[in-house]
Each structure stands twice: as C-alpha cells, then as structure tokens.
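Per-entry structural report
Chain by chain, the residues run as shown.
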Amino acid sequence: MNGLKWRSCLLPTLMRLSVFITITECLSTRSQDDVRFLNPPEEVQPSYSLQVLYACSDMATVHVEALVTFDTGETVAVFGRRWHCEAGLPKVRTLGLKLPDWLVYQPDWKIPDSDWALSGMLRAWVGQNGYLSAAAHAVTLLNVRGPFSRPPKQHRLCLSWGMEIVWRTHRSTILQCPKEQEVAVFLPLLYASTGERFGITRVLHPFRNKNLERWRFRAVSYPWCAFSMWIFQAHPCRQRLCGILHHIDTENNYATPSIFLKDTGHLHVQFHGKAGTSSAFLSQSTVPLHQWCRIRLEVDGRVANLTVVCLDGQQPLVYTMEHRFNIAVTLDDTTGYFVIGGGEFVHGIEGYYGPVTYYRNRKLSETEKEVYIEPPVKMLQQWLQTCHEFKSDVKTKIAGCSERVKSKRPPDTCMDVYSKWAEHSLPTIPQSEPWEAPRGPQRRYAERLTEILTSKYGATDPSTISRALYSLSLRKMSQDGESCVARRVIPLLLQAGCLGNNDALHLSSVLYSSGFGVKRDPRKAWLLALLAAQQDWRLALLRLGYLHHVGEQNISPDPDLAYAYYSNIAKQTSQDRQNVTSKQTYVEEVYLNNDEVLKTQTNENDDLFHWLKLQARNGVAGAEQAMGRMLFWGQKGVSTDIQTAVKHYERGATRLEDPVSMYDFAIVLLMGRGVKQDIPRAVFYLKKAVAQGFGPAMNALAWYYERYEKDYEQAVQLWEQADALGSSDAAMNLGVMYSQGLYPGQSADQVRAYRYFLKSAERRHVDGAIHLAQVWVRGLPGHVKRMPLNAVLWVKWASEQNGYLGKVLRKGLDAYFKEDWLTALVYYMIAAESGFAAAQFNVAYLCELNPGGFLTPTFVKQCMWRYYNLTIQSQYPDSHAFIKMGDLLCGYDGLNFKDVQRAAEMYKRAALHGNPQGWYSLGALIQAGETLPVPVLLQLDLLKPYLSSEHELLTALYRRCRDSNSTDAYLPCTLALLSAHLHPKGTADVVFKISSTVAVALVTILFFIRRHTVFPGQTT
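Here goes a summary of the coordinates provided.

**Side note on the overall build of the protein chain**
Regarding its fold elements, the protein chain presents 37 helices and 21 strands. Classification of the 1020 residues of the protein chain by burial places 52% in the buried group. Long-range pairs, those at least 24 residues apart, make up 65% of the contacts in the protein chain with a sequence separation of at least 6. Of the roughly 46,800 Å² of accessible surface on the protein chain, a fraction of 51% belongs to carbon and sulfur atoms.

Rendered as structure tokens:
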C-alpha cells in the first residue's frame, strides 16, 4: 500500500502503539452460540496457525477477520475467512492466518511503503449478517510493530536488472534508522556551572554494528579518537583541580581521558593504562578568564595533541602542544561514565560549558578542526561584552557622582526629581533592541538613578542600583495593570540583571518564555536563565532543570542535563530546610479553582487564626501543633515567626505532654533554632516522646546517639524501630549507615543502602529522594540499572520543596486575594516556568478568568493552551486541566483548531482521574456526531456498549457520570441521561443542548446557595 512516508525515526519503544490485550469475549445470552480464539498471536506474524473454537445453535456462518487502522483514520480488512456451521457440539478449526508483508516486514525493493498503522484487531462472530448483530463474537488486539522495529524479509528471489535500477532510484525515499553513535555529542548546548560538584553524566554503549564494535574493541588498547569542548571561565578555579571532562570506571577510579583545570589556569590532562597505571601532563599556557575557549584533544595511541583556541576580539589565540605518554594507554568508552563539569570527586569551573563532542575511533577532519562558533555561544558572548561595557560606564558614573558629592558641589537632582522620574521617565516604546545589554538612550535610566542615590546617600554601588531598577519595574507592572507594560519594563529589567540582580534576569527570562507583553522568544529566555543560574540562583536552576526535562523550541529533552540543574537546587533545598529564613515559605499546592483549599488559607488577622490560637490556649494539642507548624514554616498564609512557634512547641510539650509537640520542641532545642541550644533538655523530651511510641522522636534520639555519643548500636536499634513505624528519616539514616560502612558488624553495602534510600524517597523524604536519584543517574553495575529519567523525577520533586519557590507561590496567592491580577499572574508565571504544576494550572486559570479584561484575547488563548498543556504533562496532573485541554482541542474556546481524537483522549484521562465531566464531555462528542477512538473505548471498558449501539454507549457514559461521587455533577448528568433515553438520534442534539443549559443553570443556582464564601475572581 502506498501512503504517507515516514519522516522521522522514532524509538522502538515509542512505536509500540498498542500492547497485546485479550478482551473478554462478548457472548450472546444464548449459550449454544459461541466463538473464541484459543491461541491468539502475541504479535503480528507473516504466517500463523490460529485455532478457533465455535459452536452454533442452528445453521449459521462463522466469520474471522483481521482489521488494521491507519493514522489517516481509515480501517482496512487485511485478512478474512468464513465457513458454514451446523448445530451441535463445539468444534475447533485451524486457520492459516497470513498477513500482508507490508504489515510484518520493513519496506524494501519488493515490499511497498504503507500508511502508518496505528492498531490492529482480530475479530470473529457467528451469524448470517454483520458483526454487530451476531449471536456471539470474540475480539483481540494485534500488536502492530512500528516500521523500524519490524524485521527485514529474507527474499528468495533475485532482482531483475530493471527492478534493481528502480530500487536504486527509490531506496533513498525509505527512511532508515539512525546511524551508529560514532560521534557522541555529550553537550549540544550550554551548561551554566556554579563551580560546585554538579555536572552532566553521559554513558556510551557498544556499537550494534558488529564491524564497528570489533574496531572499537581493538582500539581499547590503542585509542584513536578526539574530544572537542568549549568552556568560559567567569572566575579562576578555587580548588586544586576543577573538572572539565573526566571519565570514571566501574571501580570509581579515573579513566582515560580526564581533563581538569588547575587553580593556576593550566590544563591537567590525565590518561590511564593497564594495571592501574596512569600518566598526566600540564598545558604550557593558561586558559584566560572571560573568554570562550575551545579545547581540542586528539589521541593517537600514546600520543596526545592538545589545541586551545580562545576568542579574544577579532583574532582567536591558538595554543598547541604534543605529549607522548610513557605508558600503554587504554580507553574503553563503554566502561563507567563520563562527566562534564563537577562530579562526585571534583568541583566544576565557575562559568559555562559549551558544546562537547567525542569522536569515537576516528580523527578530526580539517573542517571539524576549524573553529566554528555556535549560535548560543555567539549570543551569550554578545551579552557578556555589552554588559561589561555597561557596568564599566555605571562604575565610572558612580565614581564621578561620588567625587562631586565629596567636593560639595550642588547636585543636579534631588529626591523630588527622583519621584517624578520614577513615575514618568519610562518611554512607551523601547528605543533599542532590548535583548542586548542596555546601550544608547536606555542607559540614562541607570545613570539618572546613580545621580539620585549618590546625592542622597553620598555613595552607591551597582548592586543598589540594580535593586532599585528591579523594584521600579515591579511597581510599574503593578500600577499599570496591563500586559503591555511588560514591554516597557524589559529594558529596566535587563539593566538590573546586567548589574547583578538575578531576580530581574529570571523575570526577564519568564516574560520572554511566556510571551507576556513581549514577543515570545524561547532562545532569549533560555540564555537569560543561564546567566542567573550561573550565579546559583535557585529559581533559574529550577527553570533550566524543567526546560531540559520537557524540552522547548529547538531544545530537545535531555534528562542528564536536567539532572545537573535539579541536583544543584535539590541539594540547596535540603540545606535551606535546615536554615529557615523570612525569605522562605513552606511550599503548598493551592489550586485557584479549589474553593475548599482556598478557605483554609489564613493570616495573623484572620478569624481562623484567632480561633486556633484560642483553642491552643485552652489546651487543645492539635491546635498547639497547628499553630507551631504554621508559624515555624510559614504555612497557610501565616508569616514565619520562629520564636512564637517555639513557645507553642514548649507549651504543648510541658503542659500537655503531647508527643508531637515534645518532638518539635526537642528538635529546636537540639538545633538551637529560635531558642538557646540545650541538648540535655532536648534528649529529655525525646525520650519522653519515644516512651509514647512516637516514631519521629525515635529517629531524632538515634541521631543524637550517632552524632554525640558515637553509639552506633543504640542508634541503629532506634532507627530500625522507627523504620518499622514508617519513618522516612529513619530509612534515610539507615541508608547512609550502610552506604558509608557504619552499620555495626556490616561492611559498606551500596545495594542495601539503595533499598533504604528508595524506601525513604517513597515516604516523601527530600534527602532520600536526592540519594536515590544519585544511584539511578549512574546505576549500580550488576544490581541497579541506570535510570536517568526516574532520577530527574525524584530530584525535581525534591527541588520543588524549596522555600524560595514557596515564597513566590505565597506572593502570587496574596496578590490574588487582593485582586491584584497582574501581580498574581506574574508571580504564578515565575513558578510555572519553573515547572511547578499547580502554578501552571493557576496561570492558565487566571488567563481564562481574565478579570477586568487586563489580558488581550490573543494572549488569553495562547496562555490557556500553553499552561493547561504543561499542567497535563506533570507527574500528577489536575483533572480539570484535561477537561480544558479537551475543550481547546474541540475548538470550544475560539481557536481555529480541532482534533477530536486527542480531545477524546483528554476527556478519557479526566474520567480516569475521577472527574465526572470527562464522562459528560465524551457523551457530548457523540451527540455532536463524532466517533470515539477504539483505544479510548477499550481503556474505559466501553467496547461492549459501543458494539451494541450508539444509544447504549451514550447512556453508559452518562450513567457513569451520574453515578460518580460528585454531588455537583449529579443533576446535569441525570438530565443528559434522561435526554438520551427520551429522544431519538435525530433530535437528541437539540434537546441535549437545551437540557444541558438547564442543568448548568440549576447547578449554578444550587452552587451559589450552598457556597458560603466567594473569593474575588472565582467562577463556578
């Protein structure tokens, strides 16, 4: 069959469009009629002996048919048999199931191309007429392989001369699978490194091609390869060695090659040979600061050629040297793993890593040796150069203003002028390209502000100016209240970012990524995030981790690169939780469409807070716990007040002897947080809580024995008891004991440690998740396979517990309660671009509400599409997002786009997540004349009513909607079900619309009667 040509080669696992599922046969109520497949094929085969059991109560015909559905929507019968059946006992018939070659094999000179086969079905029935009216039927799915996972056919025919000419002409039209990874791109883009022990892990596998693998194996003892890498040093290496690219073997030893940067600026290149021998050399020249440099290492046996090319102005500087090792060098690139940047044993550089490429088993061509500056490198270099010029001008301006103040010359400005400037100085249209670091007329804003601050305080610095510019930008956005203000404040944000304000850089990145008030530009957004991430800015690290996790325009998903960013902020999250400040707030998932959760939010002046405070004074242990928790962590809208929280902990521990309060009070006494450290008193309360069987107290007391008494036996005994009670901390600590070989009587056991880390992570422990991810990103040879995607999911979750993210979420929610819509949208957008699912939902929800019309209709549609779509891609998506995506795909929101198949998939997922509107919307699709995809019906267990009639399917959907646990859905679903029963197909659509309208009206009335509090901007 000729049809659509494959334009991309998908991974085989992704092309398994259907799995083999045997569906329970649909049998007639007449027990004498029966048909079944006794040995359905596990996968599509060219020839297969199929056994069919059948029985008839009267003269009839048995039909067997194989159907294939294509991406075009067409369904074709590819096999068919039928035979007469007489009344009597069941019989078995063996059929030769022969399927066409184009469905079984890869296309070649004889087997034609075909349309993309999505799914296959094998069905049988007993009856004189069609399948739907049969007395008995059976159906099973066929596992249709993707075209690149199908085997080639070994033809027994020889090509004729004419056929061979035709084949040579057209063979290029059949897309082949990718070539072997002879050129391994370790880093395709840029990586912002903070100089810590975080980097990108890469693993290579043997070639699938036998000849290539044979040559690779031979080259292990005589390496013949090349490495190319770009780096940019923002600061000198602060350690003895900083990692650039190093290779770690399965024994956790350095392998060939390992390239480091010394604190002197020289390159340290280390190779390894057999029996643990190693040799190294230093580069003759140093790597300069603030310049992009390409390091090229070519290996030919024992000879290494090192070339460093640095971009200094128009003319690149080139350094070359050759070194001959005195050992027999070995390089097995499939053993262990490679690391770009910092790792477990070495810090990275402070700066940026550019594209890194490994040329396996070959030398570089002359073209590959030429210095080609990648576009991201050019763009970042442009920013860094113009920003350096701007900062120099600002420093010169500061020096001049300070000198004038010292000489007591009258200033040109005063504070009244500053106030006037702050209100009216912004132009309506930027006067230069806002991506570049500020130049020309835009620089007068910072210069004018320098004069004002110097006049008032006598001196200032770039950091103070950057904070003032950022504050001014936020104030302007809040006061204006329109999305177009973003375009006017972008230049000020870039000025602030250039002067060192990472908040401004991150907000600029968010605006460019979302397209809020400016033209959407993902590449600029990514580069601005890089600038902030290199300064170790938490939200920028979180954003880049998410960006490389899900991908973006021109940026493919890269789990290893995502892990490098996520692991950094996950580690900071663990540290931040031990050092809570006013800049942090407990992370809460608050969805703006959830009225019940919104009602639980409070503050120090709220009635709920005062009621809890009164209950605590009256001796209610739960109230004491809640007050202490809210005040200590800043939960539920309450500001952090550690001293007051400690008072609640102490009162619950001393007066009520509540084990939870005793544990909390003991922890703050142990750590000296909000109270003077008092270890003996802390141990006293921990022992009292342990006596009441409180698991967390067992863990804390064990920690005391391990840390202060060095009594490991007592510590592990308590940890084992706490672990049995489900303590995540205990499982984490036991994992550390096994990992470091500290468990009494046991040597280090990484496998057992891994099991405890897994248990701890599953109990939602941040450090447990971090340690588990560290295992999965590299694996444990022979025990735990490498799972980088799973590692990313765990460090992503750990990172999203960061208190600085919680502060942004709280600012967004506070602005929402104050009806400051634009500010709420901006803060939620900051969190949404960092990958936090609740914030993504809230951005889409605010855009959908659009209170007061502060957003343009075009942006509203784009915003809903983008952020509802991002929400459903999260690990635990909100079911309402599926409904909204289904509506968008159906074109209900005015978009010139319609995809009913994908809409049905969205509604199905909503229904499976327990949202009754999913069932309702599927019914609406049917009454609109649409056909639901068979896979959707199979997963919803609706194939039997589908095969019966449209009416049966429709009533089944509305019945499930009605019988859900949602009281709000009962009335509209009941009316829809009644409409489906009372009206035939011809008039159902009209009546359905009327009944639906009445249902919605009734539900709305009932909802408003039931509802006690309506928050600003909410809809029903």
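Back to the text.
**Comments concerning the packing of aromatic side chains**
Counted under the stated rule, the structure contains 32 aromatic pairs. Judged by centre distance (6.0 Å) and plane angle (40°), the rings of Phe338 and Tyr358 are tilted. Taken as a pair, Phe338 in strand E19 (residues 337–341) and Tyr358 in strand E21 (residues 350–359) lie far apart in primary sequence, 20 residues in all. Both residues of the pair, Phe338 and Tyr358, belong to the buried class. Cluster of aromatic residues (ring-pair linked, three or more members): Phe186, Phe227, Phe338 and Tyr358.

**Comments concerning the pattern of salt bridges**
Throughout the structure, instances matching the rule amount to 36 salt bridges. The salt bridge involving Lys524 is made with Asp521; its shortest N-O contact spans 3.8 Å. The exposure class of Asp521 is partly exposed, given its relative accessible area of 22%. A network of salt bridges, in which partner residues are shared, links Glu213, Arg216, Asp332, Asp333 and Arg360.

**Some details on the packing of helix H30 (residues 879–889) against helix H31 (residues 900–912)**
Two numbers describe how H30 lies on H31: the axes approach to 8 Å, and their chain directions differ by 165°. In terms of their interaxial angle, H30 and H31 are classed as roughly antiparallel. Here H30 and H31 pass one another in a crossing that is left-handed. Only Arg902, Ala903, Met906, Tyr907, Arg909 and Ala910 of H31 make contact with H30, whose side of the interface consists of Ser879, Phe882, Ile883, Met885, Gly886, Asp887 and Leu889. Looking at the contact of H30 with H31 residue by residue, the class counts come to eight nonpolar, two polar and three charged.

**Some words on the environment of Ala653**
Along the chain, Ala653 turns up in helix H17 (residues 642–654). Assessed through its relative accessible area of 0%, Ala653 is described here as buried. For the pair Ala653 and Ala666, spaced 13 residues apart in sequence, the C-alpha to C-alpha distance is 8.9 Å. Apart from residues lying up to four places away in sequence, Ala653 is in contact with Ser661, Met662, Phe665 and Tyr685.

**Quick word on the sheet that holds strand E4 (residues 75–85)**
The strand order E4-E3-E6-E7 describes an open sheet built from four strands, whose pairing is antiparallel. Every other strand in the sheet has two partners, leaving E4 and strand E7 (136–142) as the edge strands with one partner each. Taking each pair of neighbouring strands and ignoring which way they run, the sheet shows an average axis angle of 15°.

**Details of helix H12 (residues 538–550)**
For H12, which comprises 13 residues, the first-to-last C-alpha distance of 19 Å matches the rise-based estimate of 18 Å (1.5 Å per residue) to within 8%. Along H12, the residues classified as buried are Leu539, Ala540, Leu541, Leu542, Arg543, Leu544, Gly545, Tyr546, Leu547, His548 and His549. Trailing H12 by a residue or two, Gly551 shows a phi angle of about 90°, which is positive.

**So, unusual backbone geometry**
With omega at -10°, the peptide bond leading from Thr256 into Pro257 counts as cis. Tracing the chain through its elements places Pro257 in strand E13 (residues 254–262). For Asp536, which is not glycine, the phi dihedral falls at a positive 65°. Residues other than glycine seldom take positive phi values, yet Lys710 does so here, at roughly 55°. Assignment of secondary structure puts Lys710 in the loop between helix H20 (695–709) and helix H21 (712–724). Look at Lys710 and you get exposed, because its relative accessible area is 53%.

**Focus: the state of the cysteines**
Enumeration according to the criterion identifies six disulfides in this entry. Here Cys56 engages in a disulfide with Cys85; their sulfurs sit 1.9 Å apart. Taking the sign of the S-S torsion, 125° for the link of Cys56 and Cys85, the bridge is right-handed. You can see Cys56 sitting in the loop between strand E2 (47–55) and strand E3 (60–70) and its partner Cys85 sitting in strand E4, a full 29 residues away along the chain. Each of the two residues, Cys56 as well as Cys85, counts as buried. For Cys237, the disulfide goes to Cys242, at an S-S distance of 2.1 Å. Of note, the bridge from Cys237 to Cys242 carries an S-S torsion of about 90° and is right-handed in sense. The pair Cys237 / Cys242 is uniform in exposure class, with both members buried. Going through the protein chain in sequence order and numbering each bonded cysteine, the pairs you get are 1-2, 3-4, 5-6, 7-8, 9-10, 11-12.

**Thoughts on the environment of Leu38**
Residue position: Leu38 is located in the loop between strand E1 (34–37) and E2. Using a relative accessible area of 44% as the deciding quantity, one classes Leu38 as partly exposed. With 14 residues separating them along the chain, Leu38 and Val52 place their C-alpha atoms 5.9 Å apart. Those residues within four positions of Leu38 in sequence are excluded, and the remaining contacts are Gln51, Leu53 and Val92.

**Side note on the sheet that holds strand E5 (residues 91–98)**
Here three strands make up an open sheet; going across it, the order is E1-E2-E5 and the pairing antiparallel. Single-partner strands in this sheet number two, and they are E1 and E5. Taking the axes of each pair of neighbouring strands and ignoring which way they run, one obtains an average angle of 25° across the sheet. Sheet analysis places E2 next to E5, joined by eight bridges and oriented antiparallel. Looking across to E5, one finds that Ser49 is bridged to Gly96.

Here is what the cut-offs are and how they apply
- Residues numbered from 1 in each chain as written.
- Predicted model: local features only at pLDDT ≥ 70, side-chain atom pairs only at ≥ 80, totals over all residues.
- Heavy atoms only, no water.
- Helix = DSSP H or I, 4+ residues; strand = E, 2+ residues; numbered from the N terminus.
- Buried < 20%, exposed > 50% of the residue type's maximum accessible area, 1.4 Å probe, protein only.
- Contact = heavy atoms within 4.5 Å.
- Areas by Shrake-Rupley, 256 points an atom, 1.4 Å probe, with all protein chains shown as cover.
- Phe/Tyr/Trp six-rings, centres within 6.5 Å; stacked < 30°, edge-to-face > 60°.
- Salt bridge = Lys/Arg side-chain N within 4 Å of Asp/Glu carboxyl O.
- Axes fitted to C-alpha atoms, helices over the stretch in contact; angles between N-to-C directions.
- Parallel < 35°, antiparallel > 145°, perpendicular 65-115°, else oblique.
- Left-handed = near helix turned anticlockwise from the far one by under 90°.
- Nonpolar A, V, L, I, M, F, W, Y, C, P; charged D, E, K, R; others polar.
- Pairing = 2+ DSSP bridges.
- Expected span 1.5 Å × (residues − 1).
- Disulfide = S-S within 2.5 Å.

From the geometry alone we can't say anything about function, so treat these as descriptive.
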